[in-house]
Amino acid sequence: MMRDMSDPIVWIHGFPHAKEIFDAQRAIAGVEHVLVDLPGFGATPAREGITIDGYAEAVLEELDRRGIQRATFAGLSMGGYVCFAMLRVGRERVAGLILIDTKETPDSDEARKGRYAMIEKVQQEGTAPVVESLLPKMLTANAPDDVRRRVHEIMSAQPAEGVIAALKAMAERPDSSPLLPSIDVPVLIVVGGEDAVTPPSDAQRMGSAIPKSKVVTITGAAHLPNVERPDELNAAVQNHLK
Ligand code: MLT
């Protein structure tokens, strides 16, 4: 089934989140929003041995089911890794990219080791230790309690099987740096000014390497500007769509 409509935005969540993390982005007017749960998160069953490129293939399968041929892909952090994977597995379907608090580089040896240590911890103790260690990095110290509670709730709801598979997929993801100079679609890069996970320097580096890109830094946000500063993030996207 083909549709005669402008390209939708497909929102791809980070780790360990699910599609609700983008609920506030539904307010961006004039465009269709498609929120997806990657395999192993939210309502989508896990796939053992999935890779980052495998997540991109799963998103494309979902778009096939919905009759969507091309889209702007918006990915946050791990979702951004999936956006780069989309350029490897379905480049002709990419009308544009919105890269939020993410980076193109692979894990360092130390980061990879940390992922495998975390996998062991989840196998022994469940996902709670991962949630507790990551939550403080998601939001600034000033985030309101209800926002913090909501993010905690989303993170705590993700099943161990999906969390383990994602840790392995991220640890083994390829370097996407070689792709950047050849990206020929419009790219918006957004970063929280206080993000320590993927700091503004990552965004600037990607912006220098991607030809048709613009970098927007959102002050008063850390790793989740879509949640902590939704109006500013939505305005940046709205401007980009113009
Ligand atoms: C995320 O928010 O998706 C994660 O911080 C990504 C990562 O661990 O590399």
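Refer to the structure printed above.
Residues numbered from 1 in each chain as written. Predicted model: local features only at pLDDT ≥ 70, side-chain atom pairs only at ≥ 80, totals over all residues. Heavy atoms only, no water.

1. A word on the overall build of the chain
When its secondary structure is counted, the chain shows nine helices and six strands. The C-alpha radius of gyration of the chain comes to 17 Å, within 12% of the 18 Å expected for a compact globule of 242 residues. A principal-axis box enclosing the C-alpha atoms of the chain has dimensions of 50 × 40 × 30 Å. Expressed as a percentage of its 242 residues, the buried residues of the chain come to 52%. Taking all contacts inside the chain whose residues are at least 6 apart in sequence as the whole, residues at least 24 apart take part in 74%. For the chain, the accessible surface area stands at approximately 10600 Å², while carbon and sulfur atoms represent 51% of it. (Helix = DSSP H or I, 4+ residues; strand = E, 2+ residues; numbered from the N terminus. Rg over C-alpha atoms; globule rule 2.2 N^0.38 Å. Buried < 20%, exposed > 50% of the residue type's maximum accessible area, 1.4 Å probe, protein only. Contact = heavy atoms within 4.5 Å. Areas by Shrake-Rupley, 256 points an atom, 1.4 Å probe, with all protein chains shown as cover.)

2. Things to note about the sheet that holds strand E1 (residues 9-12)
One open sheet holds the six strands; their spatial order is E2-E1-E3-E4-E5-E6, and the pairing between them is parallel. One side of each edge strand has no neighbouring strand; the edge strands of this open sheet are strand E2 (33-36) and strand E6 (213-218). Recorded for the sheet is a direction-independent mean angle of 20° between the axes of neighbouring strands. Inspection of the sheet shows E1 paired to E2 by four bridges, in the parallel sense. Within E2, the residue paired with isoleucine 12 across the bridge is valine 36. Each of E1, strand E3 (71-76) and strand E4 (94-100) is contacted by helix H2 (residues 78-89), which is oriented at about 145° to E3, the strand it contacts most. (Pairing = 2+ DSSP bridges. Axes fitted to C-alpha atoms, helices over the stretch in contact; angles between N-to-C directions.)

3. Some thoughts on the pairing of E1
Residues of E1 alternate between two faces, with Ile9 and Trp11 on one and Val10 and Ile12 on the opposite face, all of them buried. Looking at chain direction, E1 and E3 are connected through four bridges and run parallel. Within the sheet, the bridge partner assigned to tryptophan 11 lies in E3 and is alanine 74.

4. Some thoughts on the side chain of glutamine 158
Within the secondary structure, glutamine 158 sits in the loop between helix H5 (145-156) and helix H6 (160-171). Among residues more than four places away in sequence, those in contact with glutamine 158 are Pro16, His17, Ala18, Phe41, Gly42, Thr127 and Val163.

5. Notes on unusual backbone geometry
Look at the link from phenylalanine 15 to proline 16: it is a cis peptide, with omega at -15°. Residue placement: proline 16 occurs in the loop between E1 and E2. You will see that serine 77, though not glycine, has its phi angle at about 55°, which is positive. Following the sequence through the fold, serine 77 ends up in the loop between E3 and H2. Judged by relative accessible area, serine 77 falls into the buried class, the value being 7%. Phi angles above zero are rare outside glycine, and aspartate 101 is one such case at about 40°. Mapped onto the elements of the fold, aspartate 101 is located in the loop between E4 and helix H3 (109-125). Residue aspartate 101 is classed as buried on the basis of its relative accessible area, which comes to 1%.

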